[in-house]
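A look at the structure
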Amino acid sequence: MRFSLFSLLVSLSFSGLASQPLLIKNVNIVSAHLSAPLKNTSVLIEDGRIRQLSPQVIHSSDNIQVIDATGKYLVPGIFDSHVHVSSVPGMGFGVEPVTQKHQQLANEYYAQQPASFLYYGVTQVLDPNPGNSWQKFTKTGLHPDYFRCEVITSINTFPLVEKTDEQSKSMFHYLVNEKATAGEANSAEVLVEQIKQSGALCIKLYFEDGYGNASHWPLLSDHTLKRIRMAADKAGLSILGHANALDMYQAAIKAGINIMAHGMWNWGPYMRETELPEEIKSELDTLMLNNIQVMPTQMVISGLGEVMLENTADNPDFAAITPAPLIDWYHSDEAQWFKQELRVGFDNLPDEIIARIFLNETNGRVGKGNKVMAYLKQHNYPLLLGSDFPGSPSFANQPGLTSVREMEKMAEAGYTPMDVLKAATINNARQFHLESDFGTVQSGKVANLLLLNADPLNDVSAWRDIDLVILKGKVINRETLKANKAKHQ
Ligand SMILES: [Zn+2]
C-alpha cells in the first residue's frame, strides 16, 4: 500500500507537466474551425487536454488554477513542420569542424533551443532531417512536441554526394542501394519499413542536381523513386520533397511527393524575368491539381541575404532566445566562415550586392518566392508553415523567431491572417495525421495553446504578442523561457 502510494507520488512529480486542472475564463477563442472568434468562453483543461468549452461559467473543484482572460485570445500553439533541431545557427549540423571546436557553445545552444521555440509560441515541431543531435532536444525538460521524418538518399545523390568527411556522412542513416531487390538489405522497401518502425511520420527525398544553375549531381532513378512511393503508400508515410528550382519541382511532382519542402526561388531559364513565366504557372497548376502541399520556406532565402548584412548579429530579438556567449561568437572573425563561402560562391561581389540578390523584392530570390506564393493565393491554395529553420548555417535565423517571421512572410505575399492561422495549425496537423491531438481549440485535443493579447485574425503581428504559453495544460510564464535570464533568479 505504502509502496503504491509512493510510486504514485513519484510518477506525479516526474511526469513533468501539471496535472492540476486549469480553467481559462472569459476568453475569445480563435481557431481554424471557427469563422470568427468565439467570445467570452470558458475552457476547462484536465490531464493535459482540453475537456470542455462552454459559453457558461464552468464550476469546478477548489484545486484548480483559474485564469481570467478577459479581452485575450486563445489559439492553438504554432506547429512548424520543417525545422532542424540538430543544426546550430552559424555553425551547421553539429558535424562540421566549427561545431567540434566549439562544443560548449553548441551545447548551450541545444539546451536553450526548446525554450526558445516555446518563447515564440511554437509548441509542435517536425524535423525532416533529424541529424545526430535531435535527442538533445527531446531530453530537455520542457520542449515542444517533436515529430520527425527520415531522409532516404544514396551515396551518389545530394546531400551525401557533397559531403567529404565521415563525420558529415554519419548524419544519413537510410542509404538506398538502388540495385537491391525488394526484401534485400538497403532496398527501397526495407528502408521505408525501417523508417516506419522508427516512429517517423514521413520520408524526405532530395531533388537537387546542383546549386543555382549547376546540374552535376544525379537524382535517384525514376524506378527507385517509384518503389519508395509505393512502399510509403503501403506504410502510410508522407513524402516530403526538397526542391527549389523549376526543373527540380518538375522531377518532384513526377515522383508523386506529397509536400514540396521549399518555395521556388530558382526560375531556371527565367531568372531574369520579374513576372511569373507561363511555364512556371503551368507547373504550379500541375502541383495544385495533384494536391501537393507547399512550404514556402522564405526564411531560408531571408537568412542567406541577412547574414551578408553588417548588423545582423546585433538583432535585439536574439537576446531573448540565443545564449549570450553564442551571440558574442557571432561577432568573431571565425563565425564569418559561411559569409566567406557565400562570397566565394558569388565571385566576391560586395556583400550588399549579394544580400540584394537574395532579398530584393523585385528581382531577388525573395521576390521570386513571393510571386510563386501570390499565384497560389490567387487560386486560394493553402500553405503549410514550415520554415526550414535554420535553413543554412546562417546565424540570421534563430529558433522560434524564424517560425513567426515565416508566418509574417506569408502575410506579406498576400495570404490573409486566417490563411496564416490555418497554415500554422490545422493544415500541418491534418497533413501528418495528427488532427485528433493538434490543430484547433476543441475539446479532446492536447492543450498546447497560446494566450495572445491581440486578435491574430486582425493582424499576424498578434502572434508576437504572447501573454502565456500553455504546454500540455501547464501554464508557462514566458519570462522563464528566456535565454540569458538574470543570474539571481
Ligand atoms: Zn530542411
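Residues numbered from 1 in each chain as written. Predicted model: local features only at pLDDT ≥ 70, side-chain atom pairs only at ≥ 80, totals over all residues. Heavy atoms only, no water.

A word on the pattern of salt bridges. All chains considered together, the criterion is met by 18 salt bridges. Here D351 and R343 are joined by a salt bridge, their closest N and O atoms 2.8 Å apart. One exposure class covers both D351 and R343, and it is buried. For R464, the salt bridge goes to E408, with nearest N and O atoms at 2.7 Å. With R464 in the loop between strand 13 (449-452) and strand 14 (466-471) and E408 in helix 15 (residues 401-412), the pair connects residues that are 56 residues apart, well separated along the chain. Given the relative accessible area of 30%, R464 is considered partly exposed. Overall, the relative accessible area of 17% leaves E408 in the buried class. Salt bridges sharing partners connect three or more residues here, namely D317, E408 and R464. (Salt bridge = Lys/Arg side-chain N within 4 Å of Asp/Glu carboxyl O. Buried < 20%, exposed > 50% of the residue type's maximum accessible area, 1.4 Å probe, protein only. Helix = DSSP H or I, 4+ residues; strand = E, 2+ residues; numbered from the N terminus.)

Counted according to the given criterion, the structure contains 16 aromatic pairs. Centre to centre, the rings of W134 and Y146 are 5.3 Å apart; their planes meet at 5 degrees, and the pair counts as stacked. Of this pair, W134 sits in helix 4 (residues 134-138) while Y146 sits in strand 8 (residues 145-151), and the two are twelve residues apart along the sequence. For the pair W134 and Y146, one class covers both residues: buried. The structure contains a cluster of three or more aromatic residues connected by ring pairs, namely F117, W134, F137, Y146 and F389. One residue, K368, lies across the ring of W267, its end atom 4.9 Å from the ring centre. R478 extends its terminal NZ or CZ atom over the ring of Y119, reaching a point 3.8 Å from the ring centre. (Phe/Tyr/Trp six-rings, centres within 6.5 Å; stacked < 30°, edge-to-face > 60°. Lys NZ or Arg CZ within 6 Å of the ring centre and 35° of its normal.)

The sites that carry the UniProt feature "domain: Amidohydrolase-related" (unreviewed entry) are, in the present numbering, residues 400-475. The span residues 400-475 shows a helical share of 34% and a strand share of 16%, and its end C-alpha atoms are spaced 18 Å apart. (UniProt positions renumbered as here; feature names shortened; annotations may be inferred.)

Pairing within the open sheet is parallel, and its seven strands lie in the order 6-7-8-9-10-11-12. Of all the strands in the sheet, the pair left with one neighbour each is strand 6 (78-80) and strand 12 (293-294). In the sheet, strand 9 (residues 202-206) pairs with strand 10 (residues 238-242) via five bridges, with the strands oriented parallel. Looking at the pairing, L205 lines up with G241 of strand 10. (Pairing = 2+ DSSP bridges.)

Another point: the pairing of strand 7 (residues 122-127). The element strand 7 is extensively covered by neighbouring structure, given that six of its six residues are classed as buried. When strand 6 meets strand 7, the two strands line up parallel, connected through three bridges. Looking at the pairing, F79 lines up with Q124 of strand 7. As judged from the four bridges shared by strand 7 and strand 8, these two strands associate in the parallel manner. Considered in strand 8, the bridge of D127 is made with R148.

For E406, the location among the structural elements is in helix 15. In this structure E406 is buried but unpaired, with K409 as the nearest side chain of opposite charge at 7.9 Å. Contacts of E406, omitting those with residues within four sequence positions, involve P296, T297, Q298, M299, L385, G386 and S387. (Lys, Arg positive; Asp, Glu negative; His and termini not counted. Contact = heavy atoms within 4.5 Å.)

A few words on the pairing of strand 1 (residues 22-29). Burial analysis of strand 1 places six of its eight residues in the buried class, which makes it a mostly covered element. As paired elements, strand 1 and strand 2 (residues 38-46) share five bridges and run antiparallel to each other. Pairing of V27 across the sheet is with T41, part of strand 2.

Attention now moves to the packing of helix 8 (residues 246-254) against helix 9 (residues 278-289). Running from N to C, helix 8 and helix 9 cross one another at 25 degrees; their axes reach a closest spacing of 11 Å. The orientation of helix 8 relative to helix 9 falls into the category roughly parallel. Considering how the two elements wind past one another, helix 8 and helix 9 form a crossing that is left-handed. Where helix 8 abuts helix 9, its residues L246, Y249, Q250 and I253 lie against E279, I280, E283, L284, T286 and L287. Of the residues contributing to the contact of helix 8 with helix 9, the split by class is six nonpolar, two polar and two charged. (Axes fitted to C-alpha atoms, helices over the stretch in contact; angles between N-to-C directions. Parallel < 35°, antiparallel > 145°, perpendicular 65-115°, else oblique. Left-handed = near helix turned anticlockwise from the far one by under 90°. Nonpolar A, V, L, I, M, F, W, Y, C, P; charged D, E, K, R; others polar.)

Turning next to helix 7 (residues 222-235). Working note: α-helix, 3.6 residues per turn, so residues spaced by three or four point in the same direction. The end-to-end C-alpha separation of helix 7 is 20 Å, in line with the 20 Å expected for 14 residues at 1.5 Å each. Buried within helix 7 we find T224, L225, R227, I228, R229, A231, A232 and A235. The inward-facing, buried residues of helix 7 contact helix 6 (188-197), strand 9 and strand 10. Remark: G236 follows helix 7 within two positions and exhibits a positive phi of approximately 70 degrees. (Expected span 1.5 Å × (residues − 1).)

The next subject is the coordination of the zinc ion. In the first shell of the zinc ion, the protein supplies H82 (NE2), H84 (NE2) and D388 (OD), at 2.1 to 2.2 Å from the metal. Within one chain, the residues donating to the zinc ion are spaced in sequence as H-x1-H-x303-D. With H84 in the loop between strand 6 and helix 2 (97-101) and D388 in the loop between helix 14 (365-378) and helix 15, this residue pair connects regions lying 304 residues apart in the sequence. Summarising the burial analysis for this pair, H84 and D388 share the class buried. (Donors = N, O, S within 2.8 Å, 3.2 Å for Na, K, Ca; no water.)

Ranked by size, the top nonpolar core spans 112 residues in total, and within it I152, I203 and L287 carry the most contacts. Per-element accounting of this core gives the leading share, eight residues, to helix 3 (residues 103-119). A domain split of this core shows at least three residues from each of domain 1 (12-76 + 440-481) and domain 2 (78-431). Ignoring any residue separated from it by four or fewer positions in sequence, one finds I152 in contact with Y174, V176, L191, V192, I195, I203, K204, L205, L220 and I228. Among the nonpolar cores identified, the runner-up in size contains 17 residues, and V27, I67, A69 and L449 belong to it. (Core = buried A, V, L, I, M, F, W, Y, C linked by side-chain atoms within 4.5 Å. Domains from an automatic or database assignment.)

Taken as a whole, this structure holds one disulfide when the rule is applied. A sulfur-sulfur distance of 1.9 Å marks the disulfide that ties C149 to C202. Linking C149 and C202, the disulfide has an S-S dihedral of approximately -75 degrees and is accordingly described as left-handed. Here C202 lies in strand 9 and C149 lies in strand 8, a separation of 53 residues in the sequence. Side by side, C149 and C202 carry an identical accessibility label, which is buried. (Disulfide = S-S within 2.5 Å.)

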